[in-house]
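For reference, the chains in residue letters:
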Amino acid sequence: MVDNVLGGFLRARRESIAPTDVGLPAGARRRTPGLRRAELAILAGISVEYLTRLERGRDRHPSGPVLGALADALRLSPDERVHLHRLVKVVGGEVCAMSAAPARPPLRPTLRALLERLEPAPALVVTAHDDVLAHTTGFTRLAAPVGLVDDVPANLARYVFTDPRARATFPDWARVADERAAALRAAADLGDGAAAALADELCITAGGEFGRRFATAAALPAWTGVERWAHPTAGDLRLAFETLLLPGTDDHRLVAYLPADPATAAALTTILTTVTPATATF
């Protein structure tokens, strides 16, 4: 079918991959130029019948985890994963969330004033689904060198799972990833539509690295603790964080970072006093 864009993409990608590219024997007398449906189905952990329905357009609403498993099996690049996510939005008749960011909830003037008074400490206000609504210039100075605030709005979970710099930034990446997946799972389970939508997106764009953590999250994220950062200019940092749930119906949280040891205190002072100031984002 002409309008079967999702199925057409999956089939074209399947036929472009040689069996040897995914560790399968080439075999003889193959009628397809790439992977057989049965081979891709095994690699993705789905049935051949379901894959056939997807490719033929008889099922146009696959779940995020299914598409994430297919993206992993098809060895999709980050750009191809984003394209796959956009195809799903088109097929579902939805406006692509990656091309038009939703309106950001307003921040109370008193919260803005509170952030100003926390300067120059790194602090930020986030939603339950990890969108950064506002942050201090101190957080900009800490996070800008690692690319965490490149996007507008920045999103902590999306950065951790899709930005290759995140693994270098967080030496304990697996633990940080578990925390971010648990935060999204908790919000989605409570009916947060934005958290559920972001989880579906990350199941595709990040694949199994996110999907497995989201599906098995069995604990609430930590509200306090210590994060290790490998900062490109300040070196190794141990940052204690405190998370405060803010009053109101929006489920906003204030997160503040403090040095966890004398070496980090000295390095953080250098970051906060020598980097060219940037304007806080509100």
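See above for the structure.
So, here's what we can say about the structure. (Residues numbered from 1 in each chain as written. Predicted model: local features only at pLDDT ≥ 70, side-chain atom pairs only at ≥ 80, totals over all residues. Heavy atoms only, no water.)

Scanning the protein from N- to C-terminus turns up 13 helices and five strands. In the protein, once contacts between residues fewer than 6 apart in sequence are set aside, the share between residues at least 24 apart is 54%. When the accessible surface of the protein is summed, it comes to about 14,000 Å², and 57% of that surface belongs to carbon and sulfur atoms. (Helix = DSSP H or I, 4+ residues; strand = E, 2+ residues; numbered from the N terminus. Contact = heavy atoms within 4.5 Å. Areas by Shrake-Rupley, 256 points an atom, 1.4 Å probe, with all protein chains shown as cover.)

With that settled, the discussion passes to the side chain of His129. Its location among the elements puts His129 in the loop between strand E1 (123-126) and strand E2 (132-135). Take His129: its relative accessible area is 15%, and that puts it in the buried class. (Buried < 20%, exposed > 50% of the residue type's maximum accessible area, 1.4 Å probe, protein only.)

Below, the discussion takes up unusual backbone geometry. Going from Glu119 to Pro120, the amide bond is cis rather than trans, its omega being 0°. When you line up the elements, Pro120 lands in the loop between helix H6 (109-118) and E1. The omega angle of the peptide bond from Val152 to Pro153 is -5°, so this bond is cis rather than trans. Of note, Pro153 is situated in the loop between helix H7 (137-143) and helix H8 (156-162).

In this section: the side chain of Thr243. Relative to the helices and strands, Thr243 resides in strand E4 (residues 235-245). Setting aside anything within four residues of it in sequence, one finds Thr243 in contact with Trp223, Arg253, Leu254 and Val255.

The final tally for this structure, using the stated rule, is eight aromatic pairs. Relative to Trp173, the ring of Phe161 lies with its centre 5.9 Å away and its plane at 80°, an arrangement referred to as edge-to-face. Within this pair, whereas Phe161 is found in helix H8, its partner Trp173 is found in helix H10 (residues 173-189), the two being separated by 12 residues in sequence. With relative accessibility at 10%, the residue Phe161 sits in the buried group. The class for Trp173 is buried, based on a relative accessible area of 7%. (Phe/Tyr/Trp six-rings, centres within 6.5 Å; stacked < 30°, edge-to-face > 60°.)

This next bit is on the packing of helix H2 (residues 37-44) against helix H4 (residues 64-73). For any two helices packed against each other, the geometry comes down to the angle between their axes and how far apart the axes lie. Close contact between H2 and H4 brings their axes to 8 Å; oriented N to C, the two are set at 115°. Looking at the two axes, H2 sits roughly perpendicular to H4. For the element pair H2 and H4, the recorded crossing hand is right-handed. Contact residues: H2 offers Leu40, Leu43 and Ala44, while H4 offers Ala69, Leu70 and Ala73. (Axes fitted to C-alpha atoms, helices over the stretch in contact; angles between N-to-C directions. Parallel < 35°, antiparallel > 145°, perpendicular 65-115°, else oblique. Left-handed = near helix turned anticlockwise from the far one by under 90°.)

This next bit is on the nonpolar core. Ranked by size, the top nonpolar core spans 43 residues in total, and within it Leu148, Phe161, Phe210 and Trp229 carry the most contacts. The element that contributes the greatest number of residues to this core is H10, accounting for seven residues. Excluding residues within four positions of it along the chain, Trp229 makes contact with Leu142, Ala143, Val146, Leu148, Thr169, Phe170, Pro171, Gly235, Asp236, Leu237, Leu239 and Tyr257. Membership of the second largest hydrophobic core comes to 24 residues, among which are Leu6, Ala41, Ala44 and Ala73. (Core = buried A, V, L, I, M, F, W, Y, C linked by side-chain atoms within 4.5 Å.)

On to the pattern of salt bridges. Counted by the stated rule, this structure contains 18 salt bridges. Salt bridges linked by common partners bring Arg167, Asp178, Glu209 and Arg213 together as one network. (Salt bridge = Lys/Arg side-chain N within 4 Å of Asp/Glu carboxyl O.)

On the secondary structure map, Leu184 appears in helix H10. Judged by relative accessible area, Leu184 falls into the buried class, the value being 0%. Remark: the alpha-carbon pair of Leu184 and Leu198, spanning 14 residues in sequence, is separated by 8.1 Å. Those residues within four positions of Leu184 in sequence are excluded, and the remaining contacts are His129, Ala157, Ala195, Leu198, Ala199, Leu202, Phe210 and Phe214.

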